[in-house]
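# Observations on the three-dimensional arrangement
Each chain, letter by letter, is given below.
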Amino acid sequence: MTFKSFIFSLPLQFDPTINWVITFVKSDSNFPDTNEIEMIARHVYLQLNEKQTLAFQKSLVMYWTESGNIDMITSENHIVDLQDADESYLHKRYQY
């Protein structure tokens, strides 16, 4: 099961942050239908502020737990790595 198909299969949750992810993924017709987190991260990283990034990471943990791929958890921060490395990202965590 891909991350996108997992999100599409979820009913609305009690957690509003997960509901935000469900809505976000469903409304993006170009969202990659893959389980390659690096590809998903490249697609979304510029669109997410810090709270949205955290919500997205939370949904990834749910996906990995459900799919039994908990060993993939090391790629959870790939989105943050892309955000930190890109000068055009507007929501930098560290402003100097």
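Described in the following lines is the structure provided in the data block.

Criteria and thresholds
Residues numbered from 1 in each chain as written. Predicted model: local features only at pLDDT ≥ 70, side-chain atom pairs only at ≥ 80, totals over all residues. Heavy atoms only, no water. Helix = DSSP H or I, 4+ residues; strand = E, 2+ residues; numbered from the N terminus. Expected span 1.5 Å × (residues − 1). Buried < 20%, exposed > 50% of the residue type's maximum accessible area, 1.4 Å probe, protein only. Contact = heavy atoms within 4.5 Å. Polar contact = N/O pair within 3.5 Å; in protein donor to acceptor, adjacent residues only side chain to side chain. Core = buried A, V, L, I, M, F, W, Y, C linked by side-chain atoms within 4.5 Å.

## Remarks on helix α4 (residues 50-67)
Across its 18 residues, α4 extends 26 Å between first and last C-alpha, which sits within 8% of the 26 Å expected from 1.5 Å per residue. Inspection of α4 places Thr-53, Ala-55, Phe-56, Gln-57, Ser-59, Leu-60, Tyr-63 and Trp-64 among the buried residues, and these make up the whole buried set. Residues of α4 that are buried sit in contact with α1 (3-9), α2 (16-27), α3 (37-44) and α5 (78-85). Measuring from the side-chain oxygen of the N-cap residue of α4 to the backbone nitrogen of Lys-51 gives 3.0 Å; that N-cap residue is Asn-49.

## Section: the nonpolar core
Ranked by internal contacts, the top residues of the largest apolar core, which has 23 residues, are Phe-3, Ile-7, Val-25, Phe-31 and Phe-56. Elements with a minimum of two residues in this core: α1, α2, α3, α4 and α5. The residues contacting Phe-56, other than those within four sequence positions of it, are Phe-3, Val-21, Phe-24, Val-25, Phe-31, Ile-40, Val-44, Leu-48 and Ile-79.

Honestly, it's all geometry; don't read function into it.
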